[in-house]
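This is what each chain is made of:
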Amino acid sequence: EQKPGGGTAHTSASVRIAAAADLKFALDDVIATFSAAHPAINVSVSYGSSGNFYSQLSNKAPFDLFFSADIEYPRKLIDAGHAIPDSLFDYAIGQIVIWVRNDSSVDVGSLGAQALNHPSIRKIAVANPAHAPYGRAAIAALTSLGIHDQVKDRFVFGENIAQTAQFVESGAADIGIVALSLALAPSMRDKGRFWLIPLDMYPPLEQGGVILSWAADRAAARQFASYVTAPEGRAILKSYGFMLPGE
Amino acid sequence: MSLLFCDIEKRFRGGPTIRAAFETPADRFSVTVLFGPSGCGKTTILRCLAGLERPDRGVIRCGDATWLDTSTRAFVSPQQRGVGFLFQDYALFPHLSVGSNVAYGLRGLSRAERRRRVSEMLDMMQLSGLERRSPRTLSGGEQQRIALARVLVRRPRFLLLDEPLSALDTVVRESLRRELRQLLISFGIPCFIVTHDRHEAMALGDQLMVLLRGTVHQSGPLDAVFSRPANTEIARLLGIESVIPAKVVHADNGLATLEVEGGKTRLVVTSPLPAGQSVWLCIRGEDVSLYTGAGGTTSARNQIPARVISLEHEGPVVRVILDGGFHLVALVTRNAAADLGLQPGAMVTAHIKAPAIHVVPR
Amino acid sequence: MSLLFCDIEKRFRGGPTIRAAFETPADRFSVTVLFGPSGCGKTTILRCLAGLERPDRGVIRCGDATWLDTSTRAFVSPQQRGVGFLFQDYALFPHLSVGSNVAYGLRGLSRAERRRRVSEMLDMMQLSGLERRSPRTLSGGEQQRIALARVLVRRPRFLLLDEPLSALDTVVRESLRRELRQLLISFGIPCFIVTHDRHEAMALGDQLMVLLRGTVHQSGPLDAVFSRPANTEIARLLGIESVIPAKVVHADNGLATLEVEGGKTRLVVTSPLPAGQSVWLCIRGEDVSLYTGAGGTTSARNQIPARVISLEHEGPVVRVILDGGFHLVALVTRNAAADLGLQPGAMVTAHIKAPAIHVVPR
Amino acid sequence: MDWTAIWLTLRLAACTTVILFFLGLPLAYWLATTRFRGRFLVEAAVALPIILPPTVIGFYILWATGPRSPLGQAYQSMTGSMLPFSFAGILLASVLFNIPFAVRPFASSFAAVNRRLVEASWCLGVSRFQTFLRVVLPMSWTGILTGLVLTFAHTVGEFGVVLMVGGSIPGVTRTISIAIYDDVQALNYAAAHRTAIVLLAFAFVALCIPYAIQRRALPL
Amino acid sequence: MDWTAIWLTLRLAACTTVILFFLGLPLAYWLATTRFRGRFLVEAAVALPIILPPTVIGFYILWATGPRSPLGQAYQSMTGSMLPFSFAGILLASVLFNIPFAVRPFASSFAAVNRRLVEASWCLGVSRFQTFLRVVLPMSWTGILTGLVLTFAHTVGEFGVVLMVGGSIPGVTRTISIAIYDDVQALNYAAAHRTAIVLLAFAFVALCIPYAIQRRALPL
Ligand SMILES: Nc1ncnc2c1ncn2[C@@H]1O[C@H](COP(=O)(O)OP(=O)(O)OP(=O)(O)O)[C@@H](O)[C@H]1O
Ligand SMILES: Nc1ncnc2c1ncn2[C@@H]1O[C@H](COP(=O)(O)OP(=O)(O)OP(=O)(O)O)[C@@H](O)[C@H]1O
Ligand SMILES: [Mg+2]
Ligand SMILES: [Mg+2]
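What counts as what
- Residues numbered from 1 in each chain as written.
- Chains lettered and ligands numbered in written order.
- Predicted model: local features only at pLDDT ≥ 70, side-chain atom pairs only at ≥ 80, totals over all residues.
- Heavy atoms only, no water.
- Near = heavy atom within 4 Å.
- Polar contact = N/O pair within 3.5 Å; in protein donor to acceptor, adjacent residues only side chain to side chain.
- Areas by Shrake-Rupley, 256 points an atom, 1.4 Å probe, with all protein chains shown as cover.
- Helix = DSSP H or I, 4+ residues; strand = E, 2+ residues; numbered from the N terminus.
- Nonpolar A, V, L, I, M, F, W, Y, C, P; charged D, E, K, R; others polar.
- Contact = heavy atoms within 4.5 Å.
- Buried area = accessible area lost by both parts, 1.4 Å probe.
- Salt bridge = Lys/Arg side-chain N within 4 Å of Asp/Glu carboxyl O.
- pLDDT = per-residue confidence, 0-100.
- Phe/Tyr/Trp six-rings, centres within 6.5 Å; stacked < 30°, edge-to-face > 60°.
- Buried < 20%, exposed > 50% of the residue type's maximum accessible area, 1.4 Å probe, protein only.
- Expected span 1.5 Å × (residues − 1).
- Bend = angle between axes of the 7 residues up to and from the residue.
- Domains from an automatic or database assignment.
- Least-squares fit on C-alpha atoms with pLDDT ≥ 70 in both.
- 1 Å grid on protein atoms, 1.4 Å probe; cavity = no way out; pocket = protein on both sides within 12 Å on 5 of 7 lines; lining within 4 Å.
- Points joined across faces, edges and corners; volume = space filled by probe spheres on them.
- Pairing = 2+ DSSP bridges.
- Core = buried A, V, L, I, M, F, W, Y, C linked by side-chain atoms within 4.5 Å.

> Sorry, what's going on with the site of ligand 1 here?
Residue and element names in this part refer to chain B. All residues adjacent to ligand 1 are Phe12, Pro16, Ile18, Ser38, Gly39, Cys40, Gly41, Lys42, Thr43, Thr44, Glu163 and His196. The contact in question runs from an oxygen atom of ligand 1 to an N or O atom on the backbone of Cys40, over 3.2 Å. For ligand 1, the protein covers 60% of the area, taking 640 Å² as the surface of the free molecule. Broken down by element, the shell around ligand 1 gets its largest block of residues, three residues, from helix 1 (residues 42-50). When grouped by side-chain class, the residues that make up the shell around ligand 1 number four nonpolar, six polar and two charged.

Structure representation (structure tokens):
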């Protein structure tokens, strides 16, 4: 096994995490409680796009644990031999909502999906379905709701779910389909209203993680991964708007 | 009579202050030469007249029009002044043909009329046939004439020439000097010419303005300034070769007898100065005639026996350095030097006519 | 005797081809003047000698050392040639003081020794006291001497001077001309000087090389070249004023009698040419003496009655244009002109000594 | 090859270049000729887009042109449409972002024109504007060409700003650089490589033009 | 304020600037003096990073230095560590990406040095290298300063390449621009604004320095 990594000193109790951007608030909270419980283990985290992390991990980026927004990426990493095959775990299921700003005249709460068809709507922000799992989910939901073809000309695509949220939040787009976890985030919570798209409208957004094959301290990594999937972690994730696998 | 009146002051930060006050006729031919050493402000004055530089203080009036008045903030742009400016490097437009260069400033005329005027002007300047050439491919003398044609075709009220010959090599320069004066006469408009070459000044000018360190030190008709420089500095600048300290020992009705300092030599000059006055004597090399053997009768009042110290060949003339109790320089032609058998150590008699000695009180 | 041998050819794309072949002593004082009109290749030859330009073909040898041989691809860098080059604009380093400029090329010496040499050199050039000044603040003449000091302090084997005086204004130029020659003599090393001013060539040189369109057309001792130009073009370049077409009508033991074309005037010259030969006659203005009234006995064989057409003042001399059946130019001093009462229309006799007329077959 | 994206990118680059030709020339001429002592402030402002991260610029442009900003509202009341997520929006962003790449070569080639020629023209009675057209422009065409090529090529390669303002709408705001990015994100590396190679070749050839024409290195 | 990111960024910018000072000077001098006919190809290559999207460059640098590339393997066998995701890695990327911002101002100021002065120095027996140090360098310091300031400031503002190669590891590769980006991604706009304002002010002040010193308009 090669020993990759840059200038960071490897202590026996250190876990470096690459995490999907939508986990930002939830995972910060999980780490805080984890660190309080395990002061010997030093956890650091970088957030970013899962696609970027995939390219970087294919080049042995120095992370021990990868929390992807889409379980497909960890699977591919295992296939390519970059991750420990039996370490794959799913930790949450993302949910999507239709979100409008507070100053919007669209009553999204009562209109539901039909809000997208409201005459005042000119631009609908959606994550890019070509590579963002939330985008794919949004398209699938609109298709099964039967309004995809009526609204698709008004789509604008965010590079990821965070940029999609930024499009609506800034008012540049009138309405958007974003992750529930972002709609509940501190900076979005008070600025807008949303309608939760029923889970059966789109295939589940399985978010999975994996331990990388070059992880220096697999025990610590496993310890953190199991903390996230254990009841403490699940409770926190749930409070940030994630469904949990098996619920 | 229409006049060009100019009284300006231009300051450069960290540089000298340049002042000029003069008046010249604005409606008939005359060539005023601005003469002075490098950096004395000649170009700056020309640029102020053209409107390319704004004086810090002053007035320029041309006939009835006020071109500049800093007190009323009046300023007429270069475009409106109708002045022709010939730059030192000619400033021909390299991307245009000779014909287009000459036609460049002709606007508001029909095409045919414009073409007629251009070819007329090129004929006049003996430049026909060059219309389609690029200025880059032409000799310095041709370029100069094209630049002049480009300016003259607009029939300017004034012509300003900044060292018109200095970009040429000496051979061409000397032959064009004569041509240029003829050309200017044929156009008959008032001209200002900048030069630091006194031969050029003599060859081209009628009026002379001598500039030193940003100030006009002397001006007047060319002959007057050359034969009566206001002080030794101007005298030296204008090419007076010998500047000799002396004292008036006897004054008599416009004729003064002087004693050269440190020597026993006495000279007679035409000067009204009183006895006891200390002066500089300015004697030009070309005003000193040399004789060998017994001197016959001559009109020259001063006949000074002298020894030849050295000879310096300078083109057609020989500069003879003499010791006659003081340092004296004579200019003679080469064959005169040969005829006289001049050699270092030879004895000669230097003849200097009294009116040829210029006296500057000190 | 150590020689500098040079036989080179340099082609510029789209420009002329420059050729030079000559040989000069490399171990004692002599000044070779490269003379020619602008663009004839003077600077290029100097740069080839210094190693700044690589000829396309040729050989340069200095004593035993081969500096360049294109056939063996030998090339000695400018650094190794030990040649001093004085650039036209002096190329002083603006970011260094005068002292540092002069010391710039002195390497491998102790500090004290370096300082000693620099101050010795500055003394010699009368530049002491300027050590700490910036070159920008100095006059052109001072800059020239600093550049010369910077070169001479390294005791070069050769000195190459590219128009050493042309960056100066005329007043300074004329006075420095004399000084420069004295300075070069005092250093006693062989020099090449480029100039296009024939007065400068005369004042500075021993040997003259005349260049035209990239080729050395004539070379030899200064006097010889000036008094015997190889063809009319060189004659005109060197300042011969009258070039007259004529035909030999009678030849007699080195003396030839010629008839000027289109006129009845006959002239006697020293020339071995046979009767019937067409020639150009070259007569320099300074070799024509003018007399009024009855001519006494004189050594001049040619006495031509002529009418004054015009007078042109050129500094200390007057250029007199004469019609004597052909166009003739005489140069006389100003007071000679006054004494003779020269006026357009006046009749004079022009005396020309036979050996002073140069004959070029055509 | 994503021909829609290529066509859109070329259109965007062409429009940006044309606009910066007309906006950049006067600004550059002012910079090259003014004696205003605060000129260096304007020069620094012009150069800012070289330094700031494109995403930061894009982020602020999005805010400044959104429907809640005065500019966005003014545009909307005039045209009835919105700036962000439209071709006009990315064009605006692209023009702002490319200012230095046009203006700096323009200005330095103007500054290299012999001032004597300009003054000669004035003295021949030709107005300042006509002098600019008849003397300055023809004499600085290589510099102008450099500026235009840099602008065009840089727009083709631009990514961050357009990503922030554009919303990746195929045929409207999804340029070639964004297409590459999307392909990389979708792990579609083969397509990304293909497009990137084309982009690289294009950029290289485009850059060769001004450098090959200009004999001396740029102003150098 | 994220002081770790600021400190890292300053360190990265300083190292990049120092390296490009030593690498850029000879390259620029070669460009300014060579008579090589294919010089324009090198010039175009030097200018490429201006044009290519940073993420594309970053993507290729990542692959070229990754553990599966020969370069990456060589580096790893020599140093025992990996280039990507390390300070050395983003430094390499940043140096490559900044080449034009250093080399172009350097080269244009070298070319502006009067060749006569260089030749005068040669004729005084001073070697080419010594001439460069004693004449060319001191006479082109404003151009060199411009290049260094541009490089430093541009590194501070750089985003795409470092993100791709560095992976946003706090204290190692998370520079200030990436911090802004992360803040924006986290919808933490207030923090992003604060940092962006500081960055803007810094960039503006930095750019003012060379422009204020250099009187004439600058070449790019
Ligand atoms: N734009 C300027 N800024 C600062 N100083 C200037 C400027 N133009 C001219 N000067 C200074 O003003 C003085 C006069 O300059 P000017 O060009 O008028 O001299 P000149 O008599 O024409 O000299 P030359 O014979 O060398 O052409 C010089 O000392 C020069 O350095
Ligand atoms: N680097 C060059 N490239 C092309 N042509 C050149 C180059 N250097 C000189 N020439 C050409 O070679 C010819 C001779 O140039 P050179 O500088 O030697 O002339 P010169 O006799 O010194 O003239 P001047 O008296 O004007 O200095 C000129 O026609 C010039 O245009
Ligand atoms: Mg001047
Ligand atoms: Mg020359």
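> Honestly, the arrangement of the chains in this entry has me stumped. Any pointers?
Contacts are most numerous between chains D and E, taken over all six pairs of chains that touch. A minimum C-alpha distance of 51 Å separates chain A and chain B, which share no contact. For chain B and chain E, which are not in contact, the least C-alpha distance works out to 15 Å.

> Just checking my understanding: could you explain the interface of chain E and chain A for this structure?
A common way to express how large an interface is: the accessible area buried when the components associate. Residue-level contacts link 26 residues of chain E with 29 residues of chain A. Buried surface at the junction of chain E and chain A, summed over both partners, amounts to about 2,200 Å²; 57% is from carbon and sulfur atoms. It is Phe85(E), Gln185(E) and Leu187(E) in chain E that bury the most area against chain A; as a group they hold 26% of the surface buried on that side. Counting the contacts that link chain E with chain A gives zero salt bridges. Connecting chain E to chain A are two residue pairs in polar contact (both at pLDDT 80 or more). Elements supplying a minimum of two residues to the side of chain E that touches chain A: helix 3 (54-65), helix 9 (160-166) and helix 10 (176-185) of chain E. If you tally residues by element for the side of chain E that touches chain A, the top one is helix 10 of chain E, at four residues. Here the side of chain E that touches chain A is composed, by residue class, of 16 nonpolar, eight polar and two charged.

> What is the right way to read the confidence of the model for chain A from this model?
Parts of the model with low pLDDT should not have their predicted coordinates read in detail. All names here are of chain A. Of all residues in chain A, 95% attain a pLDDT of 70 or more, and the chain-wide mean is 87. The least confident element of chain A is helix 9 (residues 186-189), whose mean pLDDT is 84; the most confident is strand 3 (residues 65-67), at 95. Confidence drops under a pLDDT of 50 for residues 1-11, and excluding neighbours within four residues, the segment shows 20 contacts in the predicted structure.

> Help me understand the packing of aromatic side chains, please; the structure alone is not making it clear to me.
Aromatic ring pairs are described here by two measures, namely the spacing of the ring centres and the angle between the planes. Residue and element names in this part refer to chain A. Applying the stated rule across the entire model yields 41 aromatic pairs over all chains. Their ring planes at 40° and their centres at 6.0 Å tell us that Tyr54 and Tyr73 sit as a pair that is tilted. With Tyr54 in helix 2 (residues 50-58) and Tyr73 in helix 3 (residues 72-79), this residue pair connects regions lying 19 residues apart in the sequence. Assessed through its relative accessible area of 7%, Tyr73 is described here as buried. Look at Phe67 and Phe224: their rings are 6.1 Å apart centre to centre, the planes differ by 90°, and that puts the pair in the edge-to-face class.

> Explanation requested: the site of ligand 2 in the structure shown.
Residues and elements named next belong to chain C. What surrounds ligand 2 is the set Phe12, Pro16, Ile18, Ser38, Gly39, Cys40, Gly41, Lys42, Thr43, Thr44, Glu163 and His196. Measuring from an oxygen atom of ligand 2, one finds a side-chain N or O atom of Ser38 at 2.5 Å. For ligand 2, an oxygen atom lies 3.2 Å from a polar atom in the backbone of Cys40. Surface burial for ligand 2 is 61%, taken as the share of its 640 Å² of free accessible area covered by protein chains. Counting residues per element, the shell around ligand 2 draws most heavily on helix 1 (residues 42-50), at three residues.

> Before we go on, may I ask you to explain helix 5 (residues 87-111) of chain D in this structure?
Think of an α-helix as 3.6 residues a turn; residues three or four steps apart then line up on the same face. Residues and elements named next belong to chain D. The end-to-end C-alpha distance of helix 5, which contains 25 residues, comes to 35 Å, matching closely the 36 Å that a straight helix rising 1.5 Å per residue would cover. At Asn98, helix 5 shows its largest kink, close to 50°, and the proline Pro100 lies no more than four residues downstream. Of all 25 residues that make up helix 5, 21 are buried, and the element is covered over most of its length.

> What am I meant to see in the domain arrangement of chain B here?
Residue and element names in this part refer to chain B. You can read the domains of chain B as domain 1 (3-236) and domain 2 (240-361). Using only C-alpha atoms to locate each centre, domain 1 and domain 2 end up separated by 38 Å. Each partner contributes to the interface: domain 1 provides ten residues, whereas domain 2 provides nine residues. On the domain 1 side of the contact with domain 2, Arg228, Thr232 and Ala235 bury the most area, a combined 49% of that side's loss. Linking domain 1 to domain 2 there are zero salt bridges. If you look at where domain 1 meets domain 2, you find zero residue pairs in polar contact (both at pLDDT 80 or more). If you tally residues by element for the side of domain 1 that touches domain 2, the top one is helix 9 (residues 232-237), at three residues. A class-by-class count of the residues in the side of domain 1 that touches domain 2 yields four nonpolar, three polar and three charged.

> Even after reading the chapter, I still don't get the relation of the copies chain E and chain D, so can you show me in this structure?
For these two chain copies, the linking operation is a rotation about an axis paired with a shift along it. For the pair chain E and chain D, the best superposition has an RMSD of 0.2 Å and corresponds to a rotation of 180° with a translation of 0.0 Å parallel to the axis. Interpreted geometrically, this transformation is the action of a two-fold axis. Here 92% of the contact residues of chain E are again contact residues in chain D; the copies associate through an equivalent surface.

> When you look at empty space enclosed by the protein in this model, what are you seeing that I'm missing?
Empty pockets left among the atoms are what a rolling probe the size of a water molecule brings to light. Following the criterion strictly, the structure yields 14 cavities of 30 Å³ or more and no others. In this structure, the second largest cavity spans a volume of roughly 210 Å³. As for the second largest cavity, its lining consists of 22 residues, and the residues nearest its centre are Phe97(D), His154(D), Pro54(E), Phe97(E) and His154(E). Looking at the lining of the second largest cavity, the elements with two or more residues in it are helix 2 (39-51), helix 5 and helix 8 (141-157) of chain D together with helix 2 (39-51), helix 5 (87-111) and helix 8 (141-157) of chain E. Here the residues of the lining of the second largest cavity sort into 16 nonpolar, four polar and two charged.

> In this structure, what is going on with unusual backbone geometry? I would like to understand it.
Generally, phi is negative for residues other than glycine and the peptide bonds are trans, each holding for most cases. Despite not being glycine, Gln126(B) shows a phi value in the positive range, around 55°. Positionally, Gln126(B) belongs in the loop between helix 4 (111-124) and helix 5 (140-152). Unusually for a residue other than glycine, Arg213(C) sits at a positive phi of about 45°. By the element assignment, Arg213(C) lies in the loop between strand 10 (207-212) and strand 11 (215-221). What makes Arg213(C) exposed here is its relative accessible area of 53%.

> Looking at this structure, I do not really get the pairing of strand 5 (residues 65-69) of chain B. What am I missing?
Side chains on a regular strand alternate between the two faces of the sheet. Residue and element names in this part refer to chain B. For strand 4 (residues 57-62) and strand 5, the ladder comprises four bridges, and the chain directions are antiparallel. Bridge pairing in strand 5 links Ile60 to Leu68. Two successive antiparallel strands, strand 4 and strand 5, enclose a turn made up of two residues, where Gly63 displays a positive phi of approximately 60°. Inspection of the sheet shows strand 5 paired to strand 6 (residues 74-75) by two bridges, in the antiparallel sense.

> Please clarify how the interface of chain E and chain D should be interpreted in this entry.
Contacts between the two partners involve 53 residues from chain E, matched on the other side by 51 residues from chain D. For the chain E and chain D pair, buried surface summed over both sides reaches about 4,800 Å², with 76% attributable to carbon and sulfur atoms. The tally of links between chain E and chain D comes to zero salt bridges. Linking chain E with chain D are six residue pairs in polar contact (both at pLDDT 80 or more), by the criterion used here.

> Is there a simple way to explain the nonpolar core in this structure?
Across soluble globular proteins, you tend to see nonpolar side chains buried next to one another. Ranked by internal contacts, the top residues of the largest apolar core, which has 173 residues, are Ile17(A), Leu27(A), Phe67(A), Ile96(A) and Phe224(A). Ranked by size, the runner-up nonpolar core spans 115 residues in total, among them Phe87(C), Tyr90(C), Leu160(C) and Phe110(E).

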